[in-house]
Structure formats: structure tokens, C-alpha cells
Amino acid sequence: MQLGGPSWNLVFGRRDSTTASLSAANSNIPAPTLNLSGLISSFSNQGFTTNEMVALSGSHTIGQARCTTFRNRIYNENNINSSFATSIQANCPSSGGDNNLSPLDVVSPTSFDNAYFSNLLNQNGLLHSDQELFNGGSTDAQVRTYSSNAATFSTDFANAMIKMSNLNPLTGSSGEVRTNCRRTN
Ligand code: HEM
């Protein structure tokens, strides 16, 4: 599928782990229930600035999330557009349907653009954590900037992705260079 969006150059030959740890993933990957300060700390723990955290979050311009990750938001939160909440509720009942999917970007779910940020301005963020980036706090200004300037978002996103690709890579004989990036050799 062609999603459009920014591109960037990566260094070849990054070594990946041959094993995975559910508990390590769960303790390092930010939860959608986090508030802004929790999100900032979670990214700061990996060496990212708050600005880089906001830029990387723009990845939610594509992809989908399961009902269980946003149910509380669409039924119980106040900083959500009411017609948006009602439309999402149709496919995410208050009980059951935990794995039903909704797009993270309601406007253009298959285009890599800056609509994720204009959605936040309209209180159309799907995840609690998404809307935290525009909820009267320190990151509001950057969300506004990205919502009106797609080129700035693209540049910042690409730079932050390059930085992420260089976080703690395995070296020497640890891990392996994958022949298919989706699976171990
Ligand atoms: C800011 C903190 C973040 C939180 C709390 C978060 C949370 C989530 C959650 C809960 C989902 C849905 C998963 C599911 O239902 O199984 C999701 C999907 C996704 N996230 Fe994030 N995420 C964050 C940051 C990021 C970053 C930094 C990236 C990449 C640069 C990213 C890329 C994606 C993509 C592409 C999907 C869709 C996956 C698909 O459709 O299969 N997210 N995220």
C-alpha cells in the first residue's frame, strides 16, 4: 500500500535481537492510558526530547487500534468531540468487541499526512494518550505548528526516526542482521 509521507536514509546492517521479551516490551512501551507527563518521561527514558515525542506520535496518522485501548476514552472522557465519540462507539461497544478496530486518524487513515495533529485540535484524538498532546499543556503549541505545517512535521519526524534507529543497537556478535526485517533469520 502507498501511504505517502516522508522518507529518510538509514545505515544498513543494524543488528536485531533474535529473541523477544513480553515483560521488557510492556515495561518500556508507553501505555495509551498515560498522561502527558508520563509520556514525556517514557520517551525521555530513551533519550528523546518532548519535541521528538510529539513528532514521533504523528505516526498515528496511519494504522488502527483495538477497542480495548480506547474504550474508556470514548465512553467516559470529556475532552472528546461528541459526534466523533458516538461514531466510534458504533464499532466499540461498552462491553465486548475488544478486538474491533478503529483508525487512529479518522480523517485520512491510509495517508501519511499531518491530519493526526488537526484531529487533536478538534478533540478527535482516538487514544487518551493522543489527546494528551493537545489538552492545555506544554505540547499544545507544537501540535498547532504541525497541524498547519506539514513540511515541518515531515522533517522533524524523519530526524526523530533516524535517531530511534540508532538507539542502543546490538554490536559485535550479538543478535543478527536480518535478511527479512519482519522475522529472525
Ligand atoms: C506516544 C506514545 C505512544 C502510545 C501510548 C502508543 C499507543 C498505541 C496503541 C495503544 C496502539 C494500538 C495497538 C493495538 O490496538 O494493539 C498503537 C498503534 C500504532 N502505533 Fe503507537 N503509540 C505511541 C507512539 C508511537 C510511535 C512513536 C510510533 C512510531 C513512530 C507508533 C506507531 C504506531 C502505529 C503505526 C500503529 C498502528 C499499528 C497497526 O495498525 O497495526 N506509535 N499505538
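Residues numbered from 1 in each chain as written. Predicted model: local features only at pLDDT ≥ 70, side-chain atom pairs only at ≥ 80, totals over all residues. Heavy atoms only, no water.

Caption draft 1: Structural detail: the overall build of the chain. Scanning the chain from terminus to terminus reveals nine helices and two strands. In sequence order, the chain lays out its α and β elements as α-α-α-β-α-α-β-α-α-α-α. A compact globule built from 185 residues should have a C-alpha radius of gyration of about 16 Å, and the chain, at 17 Å, falls within 12% of that. Counting only C-alpha atoms, the chain reaches 55 × 40 × 35 Å along its principal axes. (Helix = DSSP H or I, 4+ residues; strand = E, 2+ residues; numbered from the N terminus. Rg over C-alpha atoms; globule rule 2.2 N^0.38 Å.)

Caption draft 2: Summary view of helix α5 (residues 82–89). Turning to α5, its buried residues are F84, A85 and I88. Viewed end-on, α5 has its buried residues packed into an arc of 100 degrees, placing them on one side of the element. Exposed residues lying more than 90 degrees from the buried face of α5 are S82 and S83. (Buried < 20%, exposed > 50% of the residue type's maximum accessible area, 1.4 Å probe, protein only. Arc of directions from axis to C-beta.)

Caption draft 3: Region of interest: the site of the ligand. Within the structure, the ligand sits among 19 residues, and S59, H60, G63, Q64 and R66 are positioned closest to it. R66 is positioned with one of its backbone polar atoms (N or O) 2.8 Å from an oxygen atom of the ligand. Of all elements in the fold, only α2 (36–44), α3 (50–57), β1 (64–66) and α9 (150–165) reach the threshold of two or more residues within the shell around the ligand. Broken down by element, the shell around the ligand gets its largest block of residues, three residues, from β1. A per-class count over the shell around the ligand returns eleven nonpolar, seven polar and one charged. (Near = heavy atom within 4 Å. Polar contact = N/O pair within 3.5 Å; in protein donor to acceptor, adjacent residues only side chain to side chain. Nonpolar A, V, L, I, M, F, W, Y, C, P; charged D, E, K, R; others polar.)

Caption draft 4: Examining the coordination of the iron atom of the ligand more closely. When only protein atoms are considered, the iron atom of the ligand has one donor, H60 (NE2), at a distance of 2.0 Å. Structurally, H60 is set in the loop between α3 and β1. (Donors = N, O, S within 2.8 Å, 3.2 Å for Na, K, Ca; no water.)

Caption draft 5: Seen up close, the pattern of salt bridges. Per the counting criterion, the structure on display carries five salt bridges. Linking R73 and E77 is a salt bridge whose minimum nitrogen-to-oxygen distance equals 3.0 Å. It is possible to trace a salt-bridge network through shared partners that takes in R14, D16 and R178. (Salt bridge = Lys/Arg side-chain N within 4 Å of Asp/Glu carboxyl O.)

Caption draft 6: Representation of the UniProt feature "binding site: substrate" (unreviewed entry) in the chain in the model. Mapped onto this numbering, the UniProt entry gives "binding site: substrate" (unreviewed entry) at P30. The residue P30 is located in the loop between α1 (22–28) and α2 in this model. Leave out the neighbours within four places in its chain, and P30 touches L39, S42 and F43. (UniProt positions renumbered as here; feature names shortened; annotations may be inferred. Contact = heavy atoms within 4.5 Å.)

Caption draft 7: Looking closely at the side chain of D130. With respect to the helices and strands, the residue D130 is situated in helix α7 (residues 128–132). Nearest to the buried, unbridged D130 among oppositely charged side chains is R73, at 6.9 Å. Within the local environment of D130, its side chain forms a polar contact with the side chain of H60, the two groups lying 2.9 Å apart. Reaching out from D130, the side chain makes a polar contact with the side chain of Y116 at a distance of 2.7 Å. Beyond its immediate sequence surroundings of up to four residues, D130 is in contact with H60, L104, Y116, L120 and G125. (Lys, Arg positive; Asp, Glu negative; His and termini not counted.)

Caption draft 8: Up close: the nonpolar core. Counting residues in hydrophobic clusters, the biggest one holds 19 residues, and the most contacted among them are M53, V54, F117, L120, L133 and V143. Of all the secondary-structure elements, those providing two or more residues to this core are α2, α3, α6 (115–121), α8 (140–148) and α9. With four residues, the single largest contributor to this core is α3. Grouped together as the second largest cluster of nonpolar side chains are twelve residues, F70, F84, L104 and L126 included. (Core = buried A, V, L, I, M, F, W, Y, C linked by side-chain atoms within 4.5 Å.)

Caption draft 9: The arrangement of the packing of aromatic side chains in detail. With the rule as written, the count across this model stands at nine aromatic pairs. Ring plane angle 55 degrees and centroid distance 6.1 Å describe the contact between F43 and F48, whose orientation is recorded as tilted. According to the relative accessible area criterion, F43 is buried, its value standing at 17%. Summarising the aromatic geometry, the rings of Y116 and F117 are spaced 5.0 Å apart at their centres and angled 85 degrees between planes, so their arrangement reads as edge-to-face. (Phe/Tyr/Trp six-rings, centres within 6.5 Å; stacked < 30°, edge-to-face > 60°.)

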